[in-house]
Amino acid sequence: MSTDIESILKKYKPGRREYLIPMLQEIQDDLGYLSEEAIVKVGSFVGLSTTKIYGLATFYDQFRFVPSGKVQIKICHGTSCFLNGSQSVIDKIKEETGIMPGQTTRDGIFSYEIVTCMGGCNNGPLICINGEYYTGVKAEQLPDLIKKLRFIIEND
Ligand code: FES
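About the cut-offs
- Residues numbered from 1 in each chain as written.
- Predicted model: local features only at pLDDT ≥ 70, side-chain atom pairs only at ≥ 80, totals over all residues.
- Heavy atoms only, no water.
- 1 Å grid on protein atoms, 1.4 Å probe; cavity = no way out; pocket = protein on both sides within 12 Å on 5 of 7 lines; lining within 4 Å.
- Points joined across faces, edges and corners; volume = space filled by probe spheres on them.
- Helix = DSSP H or I, 4+ residues; strand = E, 2+ residues; numbered from the N terminus.
- Core = buried A, V, L, I, M, F, W, Y, C linked by side-chain atoms within 4.5 Å.
- Buried < 20%, exposed > 50% of the residue type's maximum accessible area, 1.4 Å probe, protein only.
- Contact = heavy atoms within 4.5 Å.
- Salt bridge = Lys/Arg side-chain N within 4 Å of Asp/Glu carboxyl O.
- Axes fitted to C-alpha atoms, helices over the stretch in contact; angles between N-to-C directions.
- Parallel < 35°, antiparallel > 145°, perpendicular 65-115°, else oblique.
- Left-handed = near helix turned anticlockwise from the far one by under 90°.
- Nonpolar A, V, L, I, M, F, W, Y, C, P; charged D, E, K, R; others polar.
- Phe/Tyr/Trp six-rings, centres within 6.5 Å; stacked < 30°, edge-to-face > 60°.

Draft legend 1. Main features of the layout of surface pockets. In this structure, the largest pocket spans a volume of roughly 350 Å³. Along the wall of the largest pocket there are 18 residues; nearest its centre are Asp61, Gln62, Phe63, Gly102 and Glu113. Among the elements of the structure, α4 (50-58), β1 (71-76) and β2 (110-115) are those that each provide at least two residues to the lining of the largest pocket. If one sorts the elements of the lining of the largest pocket by residue count, β2 sits on top with three residues.

Draft legend 2. Representation of the nonpolar core within the structure. Residues Leu24, Ile27, Val42 and Ile53 are the most contacted members of the largest nonpolar core, which totals 19 residues. At the level of secondary structure, the elements contributing two or more residues to this core comprise α1 (3-9), α2 (20-31), α3 (36-46) and α4. In contact with Leu24, other than residues within four places in its own chain, are Leu34, Val42, Ile53, Ala57 and Phe63. Within the second largest apolar cluster, 17 residues are counted, among which are Ile99, Ile109, Val137 and Leu149.

Draft legend 3. Just the pattern of salt bridges, in detail. A complete count under the given rule lists four salt bridges for this structure. Its salt-bridge partner being Arg150, residue Asp107 comes within 3.6 Å of it at the nearest N-O pair. Separated by 43 residues along the polypeptide, Asp107 in the loop between α6 (86-97) and β2 and Arg150 in helix α7 (residues 142-154) bring together distant segments of the chain.

Draft legend 4. Broad picture of the packing of α3 against α4. Between α3 and α4, the shortest axis-to-axis distance is 8 Å and the interhelical angle comes to 110°. As judged from the angle between their axes, α3 and α4 are roughly perpendicular. Viewed along their axes, α3 and α4 form a crossing whose handedness is right-handed. Residues Glu36, Ile39, Val40, Val42, Gly43 and Val46 of α3 touch α4, and the partners they reach there are Thr50, Ile53 and Tyr54. Class assignment of the residues belonging to the contact of α3 with α4 gives a composition of six nonpolar, two polar and one charged.

Draft legend 5. Region of the structure containing the packing of aromatic side chains. Evaluation of the coordinates by the stated rule reveals four aromatic pairs. Ring plane angle 75° and centroid distance 6.1 Å describe the contact between Tyr60 and Phe63, whose orientation is recorded as edge-to-face. Given a relative accessible area of 6%, Phe63 falls into the buried group.

Pasting the structure below:
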C-alpha cells in the first residue's frame, strides 16, 4: 500500500461503506486518478469487491482510472458556453487528440474533461489548459494550439 493511500484510509473506519465516495475523492485528489492499487485497497478496507468499487466509481463522471496527461484541458459545456459554441470546441479537441473525455493519449501528453461552469460565462466558450484560461475559443484555433502544446511537451 502506498503511504498516500494508507494515510488517507487511516482517517476512516474500516468497513464503513458510507464513506466510500469521499475516500475515493480524497485518493483521486492526491494521486490524480484512481489506480488499480487504490481500488483494491479501498475494496478490502470497506469490505467490497474490486468489481463493486469500479462499478460504483464509474457511475460518477468525476473519477478517472488512468493518470492525466501532461497537458490537462478542461472544456466548459455549461449553458452559456454551450450557447456560444462549446460543442464544436469539444468535437475539435476530440478530433485532434483522438480520445474521449476522461482518457489520456497513448503518448501521455493530452487528457481532457468536460466541466459545467468555470465562472466566465460571458466570455465563453471557455477552456482551461494546465490552469491557464482561454476565452472565446473557436474550434478553428484548436489544431494550432494542440500542435503547439505537443511541440512544447515533446521538446521540454
Ligand atoms: S457556462 Fe462556461 S464558464 Fe459558465
